[in-house]
Amino acid sequence: MRIFHTADWHLGKKLNESINLTDVQEDLLNQMKQILREENVDVFVLAGDVYQSIQVSDDAVRLLNNFLKETVTTLPNTLFIILNGNHDPAEKLNFASDLLRENLKIISKLNYKLLPISISKNGKIYDFYPIPFYRVNEYRFTFENFTINETKDIYKDILKNLHINKNHKNILITHTAIDFMNKQERADSEDDTYGNVGLVPSSIFSDFDLVLLGHFHKHQKFEKHIYYSGSIYKYSASEHNNKKGVIIHDLNTQKNEFIELIPERNVHYIQGTFEEIINNIYKNFKKHQLETDFFYIELNEKNFIPYVKDELSRYYKNIINISYKNEEIFFNTTSININHKEINQLNEIELFKKFLEFLYTDEENQDLEDNVFNETGFKTKDLIDTYKELWDEFKNTQT
Amino acid sequence: MILKSLTLEGFKSYKNKTVIDFTKMPLNHLFLIQGKTGSGKSSILDAIIYALYDSDKNTLLNYYLTNSLKENLYQDPHSYKGKTIMQVELEFNYKEQDYKIVRKLNIKNFRKEHPNLEEIIEFKHNIYKGNKMIDSPPMDIHLSPEQFTKSIIIPQNQFDKFLKADAKDKESILKNIFNTEKYELFTNFLKDKIFNIKNQIDKLKDHLENILIKNQIEKSIEDPSIKDILKQKIENYQKKIHEYENEIQKKETQKKESEKLLQQNLNQILLLNDLIENLKRKNELQKKEAMIKNLEEKIRNANKVMDIYPIYKNIQEIESQIKNNSKQEESLKKELSNIQNLLQQKKEIQQQLENQKEIIENKKTRLKEIEKIQPKLNIFKSIQKEIDQIQQEKNKIEEQLKKLKIQYENINQQLETIYKSYFAKQLKENEPCPICGSKEHPHPFREKLDEEPDIILNKKKQIENQIKLLENKLQEAEKQHHKKEIEIQSIKTFLQENQYDLKDIEKIQKDIKKEIDSLIKEIRDYENQTKNLQKEINSFIKQEGEITGIIQQLENQIQLDQKNLKEKNKLFLEFLEKNQITKEEIEKYYLKQEEVNQLQKEVQDYDLEKAKIDSLIEKNSNRLMQEFSFFYKDFQEISSQKQKLEKDNLEIQNHIEELNKKINEYNKEIGTLNQNIKTIEEDLKEFTKKEKEYDKWNNQYKKLETLYNILSNNNPKRISLHRYVIQVYFETVIKFANERLKKIEPRYILKASEEAKTGKRLAGLNIKILDTWEGERKVESLSGGESFYVSLALALGLYDIIHTNFSNLNFDFLFIDEGFGSLDEQTLQKVLATINEIFIHKDGSAQKQVGVISHVESMKLQIPYQIIINNTNGVSEVSYKY
C-alpha cells in the first residue's frame, strides 16, 4: 500500500496578496502529475487547503480541474481522496462530488456512513478515515452538539463515533494543527483566515497507524505516525528555508519518502545592510534568479531608507516585501521621552520634570539644569517647586 | 457597556415595532448584521446613537421618522392623536446594571381641525436604571456624538474620520478618552493666576508712582536713589525746625523780662491799693468816734449800780412772796371747813347702818336654815326614784313568778300525764291500780308523750328552782322597799313640819331657791354699803389732817419773810445814801453784766482797729518808700501814681502779647514742618514696604509667566504640556494600531508625526503612513481599501487601549459599518482575522460585543452569527442566524 500524501496547495494564492502564482502552481502540479505517473501509488491524498480562499479564482479552479482531469481518469486504480481545509470553500469544493468518478472522493462533509473507505490489498484491509475540516461553530450547529468549544473537542467527538477495527490498518486523514509538546513549527500563512484552528494534542490520534495531515506548511513528523506533507510552495516569508514537496508512504516497507518539488520560481529571504545586499548580489544569485525569483528582503539598517524598494528593484525584479530588522526605527519618531505605561505611573511633578527634559535636553545638550537656567533664567528646582505649589492650589479649587 | 436589545417603531425603515435582540448574538464572538443594500442595517447604528445621545428635531422628523408615517401624519393627523408615532428603546447593561432608554415621539391630544405639526408633536424621554427612573444616561464618558461615531460606532463612509481628523479634533477625542482635561484646566488656572498677579503688580506700581508724584520725584520707581531723596527732604525740614526753635527761645526770654516788670508794677499797685483802702477805712472809723464815747458813759453808769441791784431785786421778791403765801393760807382755811362738814354727814349715816345690823343677822340665820333643805330635797327625790325602781322590779318579778307558776302547773300536769300513762301501762287487767285500786281499767290513759319523763322532771326541778330564786328576789326587794320607805319617812316628816307640800317637790325647790337668792342679795348690799362708807370717812379725815398741816407751814414762812425783809430794807437804804443814788436811777442804769461786757468789747474793738489801720498805713508807706521810692503827700498823689502804673502795665501787656503771637506763629510753623516730616517718613516707610512687595510679586510673576510659557506652547518645542500628554497617548494608539496593521499589511506602518514646524501652529497629532517600500506617504494618498483597513487598525488600536483599563471608559462594544467591500479577498481575510483577535486578546476585561455590518458575500459565509435584515416593500424585518 503506497500513499501519495500532499496538502496545502493554496491554489489561487498571490504572494503577499499581489503576486500571481498561477504559473508556478501549474508547474508544481505538473511535477506532481509526473510523480504520480512514475510512482505507483494506491491512494492519492490531498489533505486540505486546496484553494486559497473561499472566493476561488477562476485560475485556481482551472488548475485543479486540469489536474484531476489528467490524473483521476488516467489512474483508475488510484483512489483520490481530497479533503477541505480551513482555507477551502467547503461547499464549492464539494461540488458535484457525488456525481464524479468512483476513484475520486472529495470530502468536505462528515458522513459516518461513508467511513471508513476500505481498501483491501494483499490480504490486508486498509481503512481510510478522511475527516474534513470543521470550524467549531460550524460543527456545533451542524451536529447540534453545543458542548464543543475547541477544535480538539471536535476530534474527540468524531473519534468517539468511529469504530476502528484494530485488525485493519487505520489511516486518518485530516486538516488540523497538532500540538506536540509545542515543538510544532508554524508558518505565517496557515492561519490567515477568519476563525482560528485550535491545537489538537497529538495523543488523540494514537489509535491510528498512520495520520496524514495538512495545515502546517512545513513538512514535519510527530511521534511515529503523524505526518505533515507541508505546502507545495513557499507561501510566506517564514517558509523560505523549508524544503517543499510530497511524501510517498509505503506501509509495507514502512518507508516514508519525501520527494522535493523544485518550483520554477524560488523564494529567497535575504538580510543585510543595503550596502551588503547590493554588493553581494552576484555572489549569491544567478542572473535568471534575479529576474524571476521572489525575494523577501530584510534590511539591517539603523535608519529608514526611503524609496528603498525602487533602488533594490533595479537589482531584484520581484521583491515581495521589504522589512527592517530593527522595527524600532519606525517608532519614536518624535522625541517624546515617555511611554503610556510610564505616564500612568508618574505623578504630576515627575511628569513635569519629564516634560522639562523633553523640552530642554536633546542628544547634544544633556544638562537639564544648565539649559533650563540659560533659557528661562530660573533654576529647575525653583520651577518644579512652584509647579508643585500651583498644583496643590489647583487641586483644592477642584474639590 | 453591552447592548442588549434595540426596539424600533416608526424609525426609518422599521415601520412596525421591531425588536433587535443582541443577546441572541454570543458575546466574545464577531457577529454580522447583513442584508441587502438599503435594507436598514445602518439605521440600527443611527438608532443606537439616537437612543444614547438624542437628536435634533429636524433630524428626527425628516430623517428618522418613517417616511410613510410622516406622510400619513401630514395628511391625517387625527388618526395619530394621542399615540406614539415613533419609538426607540435601547436596553443595555452598564457596569453590571441594566438600563433602558426610551425615546418617543408622541402626538398630543389636540382639538384643532388642521393643526400645525409643531403644535402637536412632543418628544418624551425616559431613562430607567433597573426599575427606577433617572435623569440622564449613566455615561461617564464625555465623548460627544461625533466623537462617538469616530471611535466606537464607526458608521458607513466615516471610518477614516479619525485618521483624517484634524489635530484639534483628535486632541479632543483623546482628551475625553484619556481624561487629560485636567492639564488644560491647570494651564488655564495658571493663566488666571498670572492675570491676577499682574493686576496686583500694576496696583502696586501705581501706588509707588503716586508716592513719587506726591513728593515730586521724577524718577522711575526702580531708581535706587529715591529713598535717599526722601531722607534728604526730611533732613531739610528738620533744619528749618531748628531755626524756628532758636527764634522762639529768644522771644521767650524777652517775654520773661517784660513779665517781670509787669509783676513789679502790679505789686506796687497792690500796695497802693492797700494804702488807699486803709486810708479809707481810717476815715470811716473817725466817724464812729462820738458813738463810742456814748457807750463809754453807759458803761460807767452801769458799773455804778451793779452792786446794789441784786439787793434791790431781792427785796421786791420777798415782798411778793409774803403776799402770795397769805393768799394761799386764806383759801386753804376755807377748804378745811368744807371737809369737816362732809365728815360729819358721813358719820351720821354710819350710825344708821349700825342700827340695821341686827335685822341682817336674822336674815343670815334664816339663810342657813333654808340651805339645809336643798340637799334633803335631793335625797328625797333620789330615794323616791329608787323606790319606784324597786317597785318596778317587784312587779316584774311577780309577773315572772306568775308565769313560772303556770308553767309549773303545766309540768305538773304533764307529770300527771306521765304518771297516768306510766301507771296506765303498768295497769294490768285485773290488777289493782296503785292509785285508785280498781281492777278494771276501761280507759287507760293513753297519751302521747312529747318528752321523756326524765326530761320533764328536770324541767320541773328547774322551774322549781327558778321559782325559788324569784321568790327570794322578791323578798329582797321587799326588804329594800321597806328600808327606803323608812329613809324617806324622816325627810317627809321634816318637810311636813316646815309646811311644805310634799306633793310638789319641785315647787318647793323653786321657792327655796328664790328665797335663798334674795336673802343673799340683801345681806351683800348691806355689807357693801357699810364698807364704802367707812372708806369715805377715812379719806376725809386724812384730808383734814393734811390741810391743817399746810396752813401751819405757810404761817411760819410768812413770819420768816417778814423778818428778812426788815433787815434787807435797812441795808438798801444805807447803800442808797452812801452812793448818792436814787431808786429810779437804779432801774435806769442797770445793765446786765453780759451787756456791759459787750459794750466794752465794742469799744475795745474800735480801739484795736484804729491801731491796726494806723500801723498798716505806716507799713504801706514804708514799703512804698523802700521798694518803690514813693512818697505821698495826699490821697490824690496815690491815685495818680496808681494810674500811671496801670497805664505802663497796659503797654507791657501789649508787648507781651505781640511776643506771644510771634511765638505761636513759630510753633505753628514747626508743627507744619513736623507734619511734613511725618508724612514723608510714612511715605518712605510705605515706599520701602511696597517696593519689597512689588519685587516679590514681580519675581513671582516672572516665574509663573515662565512656567506658563513652558506649559503652553511657548517653549522650544512648541508643544504644550497637555499636548505632550496627549501625544504620548496618541503614540500609544498608533503603536497599538500598528500591531494590528502588521497582521493585515506589514508594508504599512503608522507614524505619529514629527515635531511641529516652526510658527504658531501646535505640534503633533498628525498621522503619516510609512510605506516601508517607498517612504512616507500622506494619509490621503491611500486607496479606499487601504484607507479602510488602516482606519480599522486605528479604531481597533483605540479599542484595544480602552480595554487595557487604560482609560475609564466602559464601552465593550464596537460596530463597524461597511468598508469591507473595498477590500480584496485576502485582505478581507486578514482584516477579519485581526478583528477576531479582539477576542483572543488577554487583557482582563470581560465581555466584548463586536459587530460588523456588511453585505460582502464571503463574510456571510464565514461569520456564523448573524442578524439578518430583510426589507420587504420598504419595511424592515429582523431574523437571526446563530
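Along each chain, the written sequence defines residue order, and numbers are assigned to residues from 1. Chains carry letters and ligands carry numbers; both start at the beginning, A for chains and 1 for ligands, and go up in the order they are written. Selection of residues for local features in this predicted model requires a pLDDT of at least 70, selection of side-chain atom pairs for listing and counting requires 80 or more, and totals for whole chains, interfaces and linings are taken over all residues. Water and hydrogen atoms were dropped before computing side-chain values, which therefore reflect all heavy atoms in the structure.

Draft legend 1. How the structure looks around the overall build of chain A. When you go through chain A residue by residue, the secondary structure sums to 13 helices and 19 strands. Pairs of residues are marked as contacts when any of their non-hydrogen atoms sit within 4.5 Å. The contacts of chain A with a sequence gap of at least 6 include a subset with a gap of at least 24, amounting to 68%. When the accessible surface of chain A is split by element, carbon and sulfur atoms take 45% of a total near 19000 Å². Helix and strand definitions follow DSSP, with helices as H or I runs of at least four residues and strands as E runs of at least two, each counted in order from the N terminus. The protein chains shown are the only cover counted for residues, whose accessible areas, like all others here, come from Shrake-Rupley with a 1.4 Å probe.

Draft legend 2. Quick peek at unusual backbone geometry. Residue and element names in this part refer to chain A. The backbone phi angle of D8 is positive, close to 55 degrees, even though this residue is not glycine. Tracing the backbone through its elements, the reader meets D8 in the loop between β1 (2–6) and β2 (14–15). You can call D8 buried: its relative accessible area is 0%. Not every positive phi belongs to a glycine, and H10 is a case in point at roughly 50 degrees. Secondary-structure assignment places H10 in the loop between β1 and β2. Each residue's exposure class comes from its accessible area (1.4 Å probe, protein chains only) as a fraction of the maximum for that residue type: buried when under 20%, exposed when over 50%, partly exposed otherwise.

Draft legend 3. Inspection of the side chain of A:D127 at higher detail. Residue and element names in this part refer to chain A. Assignment of secondary structure puts D127 in strand β8 (residues 124–131). It is K166 that comes nearest to the buried, bridge-free D127 among opposite-charge side chains, at 11 Å. Beyond its immediate stretch of four places on either side in the chain, D127 contacts P116, I117, S118, N165, H168, K169, N170 and I171. The charged-residue count follows a simple rule in which Lys and Arg add positive charge and Asp and Glu add negative charge, with His and chain termini not counted at all. Each salt bridge in this description consists of a side-chain nitrogen of Lys or Arg and a carboxyl oxygen of Asp or Glu lying within 4 Å of one another.

Draft legend 4. A look at helix α2 (residues 58–72) of chain A. Residue count minus one, scaled by 1.5 Å, sets the expected span of a helix. Helix length check: α2(A), at 15 residues, gives a terminal C-alpha distance of 21 Å against a target of 21 Å (1.5 Å per residue), a fit within 8%. Elements in contact with the buried residues of α2(A): α1 (22–38), β4 (43–47), β5 (79–83), α3 (90–93) and β6 (104–107) of chain A.

Draft legend 5. Structural view of the packing of helix α9 (residues 226–306) of chain B against helix α15 (residues 635–711) of chain B. Residues and elements named next belong to chain B. Whenever a helix is involved, its axis is fitted only over the stretch in contact; in every case the axis is a line through C-alpha atoms, and angles between N-to-C directions fall within 0 to 180 degrees. Axis separation between α9 and α15 bottoms out at 7 Å; the angle between their running directions is 160 degrees. Taken together, the axis directions place α9 and α15 in an arrangement best described as roughly antiparallel. The interaxial crossing formed by α9 with α15 has left-handed handedness. Side-chain classes follow a simple rule in which Ala, Val, Leu, Ile, Met, Phe, Trp, Tyr, Cys and Pro form the nonpolar group, Asp, Glu, Lys and Arg form the charged group, and the remainder, Gly included, forms the polar group. For the contact of α9 with α15, a count of residues per class yields 29 nonpolar, 15 polar and 18 charged. We call two directions roughly parallel when the angle between them is under 35 degrees, roughly antiparallel when it is over 145, roughly perpendicular when it lies between 65 and 115, and oblique otherwise. For any pair of crossing helices, the crossing counts as left-handed if the nearer helix is rotated counterclockwise from the farther one by less than a right angle, and right-handed if it is rotated clockwise.

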